[in-house]
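Listed here are the chains, written in short residue letters.
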Amino acid sequence: MKKGTHGMGRWLAFACLLGIACTAGAGIKEVRQQVEASMLVTGAIIIEPEGAVEKLDIDQRDKLPEAVIGLVEKAAAGWKFEPILVDGVARRGKARMSLRVVANKLPNGDFQVALRGSHFGDEAISPEERQQRNDSVRSIKLQPPAYPGGAARLGAQGTVYLVVKVGRDGTVADVITEQVNLGFVGDERLMQQARDAFSEASLVAARKWTFQPPTEGAAVDAPFWLVRVPVDYKMPGKKAPGYGRWEVYVPGPRQSAPWMQSERGEGGSPDAMVAGGVYEIGKGRRLLTPLSG
């Protein structure tokens, strides 16, 4: 973790100007204290047969603060992954990396930057290779949800992180909202209403989604499969911060379902995954050491 990150000096004071809408009301002070800034850092790693990181490639390094690059490089030097086995033999492998870097204000006014979430997956393969592989769940039809009217009137934005239970026939057997992060500040009641609205809209849409189950591989006979799907809600004319820019938001609580209470429920942090993707739980590379290195 690092302090005094470049570009972070006044992000909380200027939260409204950074795209996070502010609504007055009782209890808003407590909500403002929950505001944090973060960014997603992506890249790829090459994992040695024994699990250590042989090479780290960070996407678009020139767009990232030096403190963030240093934080990731230092952490990666201490990572060790579960060995990648092919026919029982440990092999060198490549994995796609997505990291959630979070900055929080300390009591003395400094800022502390740390890695909070991660996802290390098989997405490093090419689109052509992915089309030829049938050992993972793939999306067929993911109709996006409608923007909730109440949230739109508030100018509220947010990201909903869903966990979908895909049945043997490729339809959605169950789905839960794992977390909702909001891009506006209001009192606790208003924030909960917005989370509920975004969650319900996402769940309604997700129940109609369809997927292609795996037809080969170790999980082909599983009774179901779990996938994470992040859903972004942005008001017209509003764009997500570009790569390497801090995003200011209020993180929501994380929840799970009984059918996630197993090893299959592990495999990454929901808010470390890029919106628009489908991430099968249990298919990522398992990090054995602490994320911070």
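Placed above this text is the structure.
Description of the structure in this document. Note that the structure is predicted; figures quoted are calculated from it, not measured.

**As for the overall build of the protein chain**
(1) Moving on: The helix and strand inventory of the protein chain stands at 5 helices and 16 strands.
(2) Moving on: Every one of the 293 residues in the protein chain was classed for burial, and the buried ones make up 45%.
(3) Moving on: Restricting to contacts in the protein chain with at least 6 residues of sequence separation, those with at least 24 account for 78%.
(4) Moving on: Carbon and sulfur atoms provide 50% of the accessible area of the protein chain, an area that totals close to 14800 Å².

**A closer look at the pattern of salt bridges**
(1) Moving on: This structure, assessed with the given rule, holds 9 salt bridges.
(2) Moving on: In this structure, Glu54 and Arg92 form a salt bridge, with 2.7 Å as the shortest nitrogen-oxygen distance. Of this pair, Glu54 sits in strand β4 (residues 53-58) while Arg92 sits in the loop between β6 (89-91) and β7 (93-105), and the two are 38 residues apart along the sequence.
(3) Moving on: By relative accessible area, which is 51% here, Arg92 ends up exposed.
(4) Moving on: Among the ionic pairs, Glu178 bridges to Arg254, the shortest N-O distance being 3.1 Å. Of this pair, Glu178 sits in strand β11 (residues 172-182) while Arg254 is found in the loop between β15 (247-249) and β16 (279-280), placing the two residues 76 residues apart along the sequence.
(5) Moving on: Under the relative-accessibility criterion, Arg254 is labelled partly exposed at 47%.
(6) Moving on: Each of Glu178, Arg228 and Arg254 takes part in a single network of salt bridges with overlapping partners.

**With respect to the sheet that holds strand β10 (residues 158-166)**
(1) Moving on: Pairing is antiparallel in the open sheet, where 4 strands are placed in the order β11-β10-β14-β16. Each end of this open sheet is capped by a strand with a single partner; those strands are β11 and β16.
(2) Moving on: Two strands pair when backbone bridges link them, and β10 and β11 are joined in this way by 9 bridges, in the antiparallel orientation. In the sheet register, Val160 faces β11, and the bridge partner there is Val180.
(3) Moving on: The sheet strands contacting helix α5 (residues 188-206) are β10, β11 and β14 (225-233), and the helix crosses β11 at an angle near 150°.

**Regarding the packing of aromatic side chains**
(1) Moving on: For the structure shown, the criterion picks out 6 aromatic pairs.
(2) Moving on: Seen in terms of ring centroids, Phe198 and Tyr233 are 4.6 Å apart; in terms of plane orientation they differ by 35°. Their pairing is tilted. Placement of Phe198 in helix α5 and of Tyr233 in strand β14 is noted, with a sequence separation of 35 residues between them.
(3) Moving on: Phe198 sits in the buried class, given a relative accessible area of 0%.
(4) Moving on: Residue Tyr233 is classed as buried on the basis of its relative accessible area, which comes to 3%.
(5) Moving on: Among the aromatic side chains, those forming a connected cluster through ring pairs are Trp79, Phe81 and Phe120.

**Re the side chain of Arg195**
(1) Moving on: Here Arg195 is to be found in helix α5.
(2) Moving on: For the buried Arg195, no salt bridge is present, and the opposite-charge side chain at shortest range is Glu188, 5.3 Å distant.
(3) Moving on: Polar side-chain contacts of Arg195 include one of 3.2 Å to the backbone oxygen of Val180.

**A short note on the pairing of β7**
Each regular strand displays side chains that alternate between the two surfaces of the sheet.
(1) Moving on: The sheet contact formed by strand β3 (residues 36-47) and β7 spans 11 bridges and is antiparallel. Counterpart to Met39 in the pairing with β7 is Val101.
(2) Moving on: By the bridge criterion, 10 bridges tie β7 to strand β8 (residues 111-121) in an arrangement that is antiparallel. Looking at β8, one finds that Asn104 is bridged to Gln112.
(3) Moving on: Between the antiparallel neighbours β7 and β8 lie 5 residues, among them Gly109 with a positive phi of about 100°.

**A short note on the pairing of β14**
(1) Moving on: Counting buried positions over the 9 residues of β14 gives 8, a clear majority of the element.
(2) Moving on: As judged from the 9 bridges shared by β10 and β14, these two strands associate in the antiparallel manner. By the bridge assignment, Lys165 is partnered in β14 with Leu226.

**Things to note about the nonpolar core**
(1) Moving on: Core analysis: the largest hydrophobic core is formed by 59 residues, its most contacted members being Ile45, Trp79, Val101, Leu115, Val164 and Trp209.
(2) Moving on: Excluding anything up to four places from it in sequence, Trp209 contacts Lys141, Leu142, Gln143, Leu162, Val164, Gly170, Thr171, Val172, Val229 and Val231.
(3) Moving on: Core analysis: the next-biggest nonpolar cluster, separate from the first, contains 8 residues, Val163, Ile176, Trp259 and Met260 among them.

Scoring rules and cut-offs
- Residues numbered from 1 in each chain as written.
- Predicted model: local features only at pLDDT ≥ 70, side-chain atom pairs only at ≥ 80, totals over all residues.
- Heavy atoms only, no water.
- Helix = DSSP H or I, 4+ residues; strand = E, 2+ residues; numbered from the N terminus.
- Buried < 20%, exposed > 50% of the residue type's maximum accessible area, 1.4 Å probe, protein only.
- Contact = heavy atoms within 4.5 Å.
- Areas by Shrake-Rupley, 256 points an atom, 1.4 Å probe, with all protein chains shown as cover.
- Salt bridge = Lys/Arg side-chain N within 4 Å of Asp/Glu carboxyl O.
- Pairing = 2+ DSSP bridges.
- Axes fitted to C-alpha atoms, helices over the stretch in contact; angles between N-to-C directions.
- Phe/Tyr/Trp six-rings, centres within 6.5 Å; stacked < 30°, edge-to-face > 60°.
- Lys, Arg positive; Asp, Glu negative; His and termini not counted.
- Polar contact = N/O pair within 3.5 Å; in protein donor to acceptor, adjacent residues only side chain to side chain.
- Core = buried A, V, L, I, M, F, W, Y, C linked by side-chain atoms within 4.5 Å.

Function-wise, these values are silent; they only describe arrangement.
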